[in-house]
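In case you want the letters, here they are:
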Amino acid sequence: MKQVFASLLAFGLIAGPIAATVGAAPAEAQRRSDQGEARKEMRAGNILRAREIENRVLPRMGDAEYLGFDYDSTAMAYRLKFIKKGKVLYVDVDARTGRILRSSR
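Structure report, in brief. (Residues numbered from 1 in each chain as written. Predicted model: local features only at pLDDT ≥ 70, side-chain atom pairs only at ≥ 80, totals over all residues. Heavy atoms only, no water.)

1. Describing the packing of aromatic side chains
The criterion, for reference: Under the pairing criterion, centres of Phe, Tyr and Trp rings, with the six-membered ring standing for Trp, must be within 6.5 Å; the plane angle then separates stacked pairs below 30 degrees from edge-to-face pairs above 60, leaving the rest tilted. Type-normalised accessible area, obtained with a 1.4 Å probe on protein chains alone, sets the label of each residue: buried when under 20%, exposed when over 50%, and partly exposed for intermediate values. Definition used: whenever NZ (Lys) or CZ (Arg) falls within 6 Å of the ring centre and also within 35 degrees of the ring normal, the charge is taken to sit over that ring.
Evaluated as defined, the whole model comprises three aromatic pairs. Look at Tyr71 and Tyr78: their rings are 5.1 Å apart centre to centre, the planes differ by 55°, and that puts the pair in the tilted class. According to the relative accessible area criterion, Tyr71 is buried, its value standing at 9%. Looking at Tyr78, the relative accessible area reads 3%, which means it is buried. Each member of the aromatic cluster is reached from another via a ring pair, and the members are Phe69, Tyr71 and Tyr78. Lying over the aromatic face of Tyr90, Arg79 brings its terminal NZ or CZ to 4.7 Å of the ring centre.

Structure below.
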């Protein structure tokens, strides 16, 4: 009985991290795909660089803390994330023009 329990425990310790990694793979793969797409579009001159977008948006956000951005290749938009007084704020920006599409406040 102890041997069966030990075997199951060992399997769980090995299979658990593997299952967790497999579940996260599609989201990570999409993120890598979007990053590659952003690089390709920047090289082609179709979208603005992330730093240029940040330089336009950050001064408008006052004392909100900047957390980073994501790029959505389908929408060709950047989503900048901020936090202010414990609330997460998003600013969506057209990657081609730098125009703010929407922001949560």
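2. Let's talk about helix H2 (residues 50–57)
Note the threshold: The helix count covers DSSP runs of H or I at least four residues long, the strand count covers runs of E at least two residues long, and both are numbered beginning at the N terminus. Read the arc as the range of directions from the helix axis to the C-beta atoms.
Listed in full, the buried residues belonging to H2 are Ala50, Ile53, Glu54 and Val57. Angularly, the buried residues of H2 cover 100° about the axis, an arc narrow enough to put them on a single face. Residues of H2 that are exposed and angled more than 90 degrees away from the buried face: Arg51 and Asn55.

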